[in-house]
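Coordinate analysis (summary)
If you want the building blocks of each chain, they are given just below.
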Amino acid sequence: MALLAGAALVWLAIPRVVSALAGLPAGPIISELRAGQQKEPRYLQIAANSQRSALAWIDDGRGWGWLGLLTFLQAQDRGFDDDGRALLDVSIAAHRRGLALSPAQTYAWARLVHAELLHKGPSPQLGTWLALSMVSAPYEKRLVFQRLELCFLVWRQLDDGVRARVAEQVRFAARYKLGRLASLAKRRYATGIVRAALADVPDLRRRFDAALLRL
């Protein structure tokens, strides 16, 4: 009996072991991307193929999120031409699958918004996804400005609850890097949004206005 139980455990472990081995080539490339490094298209292809092989064995939410990132970068590298649009579709599907399995993926929610915005344009659904990204990691310095840019782009689609979360993000960004916030707000015609978010923090708003004048 014990022998049969041991054999069953080994059998059940096989998919996870094979998945880990299949995903080995993707690991270092994904780590470098997470560190902010850019990778050549051939490395993105190697990592994407590896990640697909791993997912064929284990249906893993974060693994799908990484495939979504890789295919998004491939689409971006192609300039979103016909092949790039097809890769964008793959990226969106991968992100959706990954987030359905593992919702606590802050960056994946933001990437899904970006991909859908490029694919179909603004929609109320994007506000929901942005809120999920903000809720899961409201003080993520590496993401705050990219996420705010997305919020500014879809501002008209956001309800009052999401806008309140955006205001919190604005105040956080102002305390973190005020000059960068001013530059982003000017570029995305969002100075009014930022000034309204800083209304209860007069000193920050004065400094924001001064930063605008320097641009």
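Here, the structure is the one placed above.
Since we're looking at a predicted model, the values are computed, not measured.

A look at helix α4 (residues 61–77)
Spanning 17 residues, α4 covers 25 Å between terminal C-alpha atoms, matching the ideal 24 Å at 1.5 Å per step. Within α4, the full set of buried residues consists of Gly 61, Gly 63, Gly 65, Leu 67, Gly 68, Leu 69, Leu 70, Thr 71, Phe 72, Gln 74 and Ala 75. Residues of α4 that are buried make contact with α2 (26–34), α3 (41–55), α5 (82–101) and α6 (106–120). Where α4 ends, the next residue or the one after it, Gly 79, has phi of about 70°, a positive value.

Describing the environment of Asp 77
Inspection of the secondary structure assignment puts Asp 77 in helix α4. Taking the relative accessible area as the measure of exposure, Asp 77 reaches 49% and is therefore partly exposed.

Some thoughts on the side chain of Thr 71
By the secondary structure assignment, Thr 71 is in helix α4. On the basis of relative accessibility, which here comes to 0%, the residue Thr 71 falls in the buried class. With residues up to four places along the chain from it excluded, the contact list for Thr 71 reads Arg 52, Leu 87, Val 90 and Ser 91.

Overview of the pattern of salt bridges
The full count for this structure, using the stated rule, is 11 salt bridges. Residues Arg 78 and Asp 83 are paired through a salt bridge, measuring 3.6 Å at the closest nitrogen-oxygen approach. The salt bridge involving Glu 140 is made with Arg 142; its shortest N-O contact spans 3.8 Å. In this structure, a network of salt bridges that share partners links the residues Glu 149, Arg 187 and Arg 188.

Considering the nonpolar core
Ranked by internal contacts, the top residues of the largest apolar core, which has 49 residues, are Leu 148, Val 170, Leu 181 and Phe 208. Within the second largest apolar cluster, 12 residues are counted, among which are Ile 29, Leu 44, Ala 47 and Leu 69.

Rules and cut-offs
- Residues numbered from 1 in each chain as written.
- Predicted model: local features only at pLDDT ≥ 70, side-chain atom pairs only at ≥ 80, totals over all residues.
- Heavy atoms only, no water.
- Helix = DSSP H or I, 4+ residues; strand = E, 2+ residues; numbered from the N terminus.
- Expected span 1.5 Å × (residues − 1).
- Buried < 20%, exposed > 50% of the residue type's maximum accessible area, 1.4 Å probe, protein only.
- Contact = heavy atoms within 4.5 Å.
- Salt bridge = Lys/Arg side-chain N within 4 Å of Asp/Glu carboxyl O.
- Core = buried A, V, L, I, M, F, W, Y, C linked by side-chain atoms within 4.5 Å.

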